[in-house]
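# Coordinates in review
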Amino acid sequence: MNASNLSKLGRPAPAFRPDPFGSAAVTWLQPQPVMHEQVMLNATAENVQSNHDRLMKAACEIGEHLVDTAIWNEDATHCTWLGRRDVRSGDGNVEKSAAIGAELYGGTAGVALFLHALHKITGTVDFNRAAVASWQRSVQYLKNNPFPPSAISFYAGDLGLLYVGYRLGYGDRAMQRRLAPDIAWLLARVDRGLASQHSLDTIGGNAGAIGPLLFIANRYRLRRCREIAMQCANEIVNLGTWQGQTCMWAAPGAHGIDANHPPLTGFSNGASGIGMALLEAYRETGHETYLTYANGAFAFEEQLFSPEQGNWIDTRYPHFRQDGKINGTFRGAWCHGAPGIALAHLRATRLNPARAQFHRDRLMSAITTTRNLMQEKMQSTTHDATLCQGVFGLSDILLSYTLQESPEQVEECQNQVLDYLKRFESPMKLRSGLACGGYSPSLMAGLSGIGLHLLRLAKLGNVPSVLLLDRETLA
């Protein structure tokens, strides 16, 4: 099978002259929150208000802590934070305290996203002041330092900064004018991103770029972002390898520039993340080739699914079949294993109606596993609490599932997190997702992501998730 019918879609694009906030004649649309009225029908008003207040209190404590610990430059235009860092050396990883990076995953752009979301809910000016300053620090850092990750990476590159920048300027003309030069600079870098080394997966490259690019294209009337999204999808298709009904993407290009892994399962680096991204491209264009390759990606993962475990093999480790069962290593986080794969099947139930029952069956297995994993991790304070690998990442996935499929259970999601928080002196005492276990203010491996999930729980999903990269969730 080949991608010859996409050859026209993949032709070189015309020169890009960025209009960072769309045409001046276009009125910026107001956000359309997804309302879940069923939630209110299945919980008392008192409980809902109590949970909301407690969750908001914890989120505000994190926000106030970040404002208090920010490190500012001399003219108070940029700020950053110190955090523990895992630094690779010849003898392994060494931990040290250092200023965090610039990217969305572990840097100041991710902190900016949380603080801005907190500002939009509370109206507290200090939160937004620190959000804008930390985002501007991220851009300045990219301008002045070598930055190996690809520009099209949402979590590690320029695209994540671009997304946050648009959120900061939304509905604020003065802020739009202030950020416009940096937005234009980032847009130009994203436009050139596919010309440099990059991966195809969700965490570092094409698959993670498609949803955010389509969100920006549709919200801000930027046709070029749609074109780049389709180029990302076309490249994934062109590099897919078929074996029967299964399609896979192998190293070195698929799972990180330097990684030498076999084709992987999972959302962040593996097949389900790629499959979901191709379904987003199919939904946007109606081109059947994207659907075919998405189905091939899920078929590859299906070969590595264990009904007994309700989980998928991590192919980075030895695995084998015995007595008709697959044996090996099973992981349990957003990045690798059933929780992240649950998100892909959750979205696929809507994007792929012809195979909705298959996706729903795998979704239910993955959600059951995710619930069990969360209960297990909540029994101990030694597990980290973060979005990428920890308790709050599992909770965020269960919240996304609940809001779409079972809104009457949302109060249970809130109560679980509130009960977990009671075990700690303050939210700042929650463990990070770093290998060293140290303090981190970051989004995916630290406090900002914990705070963002608290806001999502308090506002019943009407705060963007950074785990499921479809254009509706990002809104």
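See the structure printed just above.
All of the points below concern the structure found in this document. Quick caveat: nothing in here was measured; it's all calculated off a predicted structure.

## Topic: the overall build of the protein chain
Counting its regular elements, the protein chain contains 16 helices and 10 strands. Taking all 475 residues of the protein chain together, the buried fraction comes to 59%. Taking contacts inside the protein chain between residues at least 6 apart in sequence as the whole, the part at least 24 apart equals 68%.

## What to know about helix H9 (residues 271-285)
Look at H9: 21 Å from first C-alpha to last across 15 residues, which is about the 21 Å you get at 1.5 Å a residue. A large share of H9 lies buried, amounting to 13 of its 15 residues. In the segment just after H9, Gly286 is the residue with positive phi, at about 80°.

## Concerning the packing of helix H5 (residues 158-169) against helix H6 (residues 173-191)
For any two helices packed against each other, the geometry is given by the interaxial angle and the distance between the axes. Where H5 contacts H6, the axes come no closer than 9 Å and their chain directions differ by 160°. Comparing their axes, H6 and H5 come out roughly antiparallel. As H5 packs across H6, the resulting crossing turns out to be left-handed. Of H6, the residues touching H5 (which contributes Asp158, Leu159, Leu161, Leu162, Gly165, Tyr166, Leu168 and Gly169) are Met175, Gln176, Leu179, Ile183, Trp185, Leu186, Leu187, Arg189 and Val190.

## What to know about the packing of H9 against helix H11 (residues 338-351)
Where H9 contacts H11, the two axes come as close as 9 Å, and the packing angle between them is 20°. It follows that H9 is roughly parallel to H11 by the angle criterion. Once H9 is placed against H11, the crossing between them reads as left-handed. Mapping the contact onto sequence places Ser272, Met276, Leu279, Glu280, Tyr282 and Arg283 in H9 and Ile341, Leu343, Ala344, Arg347, Ala348 and Leu351 in H11. Split into classes, the residues belonging to the contact of H9 with H11 amount to 8 nonpolar, 1 polar and 3 charged.

## Considerations on the nonpolar core
Core analysis: the largest hydrophobic core is formed by 145 residues, its most contacted members being Trp135, Trp249, Leu278, Trp334, Phe392 and Leu454. Looking at this core, the element that brings in the most residues is helix H7 (residues 206-220), giving 9 residues. In contact with Leu278, not counting residues within four places along its chain, are Ala233, Ile236, Val237, Trp249, Tyr290, Tyr293 and Ala294.

## A closer look at the pattern of salt bridges
Within this structure, the stated rule accounts for 19 salt bridges. Among the salt bridges present, the one from Lys57 reaches Glu61, with a minimum N-O distance of 2.6 Å. Taken as a pair, Lys57 and Glu61 lie in helix H2 (residues 45-69) at a separation of 4 residues, close to a single helical turn. Of the residues examined, Glu61 reaches a relative accessible area of 23% and is grouped as partly exposed. Across the pair Arg316 and Asp314 runs a salt bridge whose closest N-O atoms are separated by 2.7 Å. One network of salt bridges, with partners in common, ties together Arg226, Glu280, Arg283, Glu284, Arg347, Asp470, Arg471 and Glu472.

## Details of helix H8 (residues 223-238)
Given a rise of 1.5 Å per residue, 16 residues ought to cover 22 Å, and the 23 Å separating the end C-alpha atoms of H8 matches this to within 8%. When H8 is considered as a whole, its buried residues turn out to be Arg224, Cys225, Ile228, Ala229, Met230, Gln231, Cys232, Ala233, Asn234, Ile236 and Val237. Buried residues along H8 sit against H6, H7, H9 and helix H10 (288-302).

## Some details on the environment of Leu346
In this structure, Leu346 sits in helix H11. Put simply, Leu346 and Arg360 are 14 residues apart on the chain and 7.2 Å apart in space, counted from C-alpha to C-alpha. Setting aside its immediate chain neighbours within four residues, Leu346 contacts Leu363, Ser400, Tyr401, Gln404 and Glu405.

## A few points about the packing of aromatic side chains
Counting across every chain of the model gives 13 aromatic pairs. Centre to centre, the rings of Tyr141 and Phe147 are 6.5 Å apart; their planes meet at 80°, and the pair counts as edge-to-face. For Phe147, a relative accessible area of 18% gives the class buried. Ring geometry for Phe215 versus Tyr220: centroids 6.2 Å apart, planes at 90°, classification edge-to-face. Among the residues examined, Tyr220 registers a relative accessible area of 3% and is labelled buried. Directly above the aromatic system of Trp185 lies the positively charged group of Lys143, at a separation of 5.3 Å from the ring centroid. Directly above the ring of Phe358 sits Arg355, whose terminal nitrogen or CZ lies 4.3 Å from the centroid.

Reading the values: rules and limits
- Residues numbered from 1 in each chain as written.
- Predicted model: local features only at pLDDT ≥ 70, side-chain atom pairs only at ≥ 80, totals over all residues.
- Heavy atoms only, no water.
- Helix = DSSP H or I, 4+ residues; strand = E, 2+ residues; numbered from the N terminus.
- Buried < 20%, exposed > 50% of the residue type's maximum accessible area, 1.4 Å probe, protein only.
- Contact = heavy atoms within 4.5 Å.
- Expected span 1.5 Å × (residues − 1).
- Axes fitted to C-alpha atoms, helices over the stretch in contact; angles between N-to-C directions.
- Parallel < 35°, antiparallel > 145°, perpendicular 65-115°, else oblique.
- Left-handed = near helix turned anticlockwise from the far one by under 90°.
- Nonpolar A, V, L, I, M, F, W, Y, C, P; charged D, E, K, R; others polar.
- Core = buried A, V, L, I, M, F, W, Y, C linked by side-chain atoms within 4.5 Å.
- Salt bridge = Lys/Arg side-chain N within 4 Å of Asp/Glu carboxyl O.
- Phe/Tyr/Trp six-rings, centres within 6.5 Å; stacked < 30°, edge-to-face > 60°.
- Lys NZ or Arg CZ within 6 Å of the ring centre and 35° of its normal.

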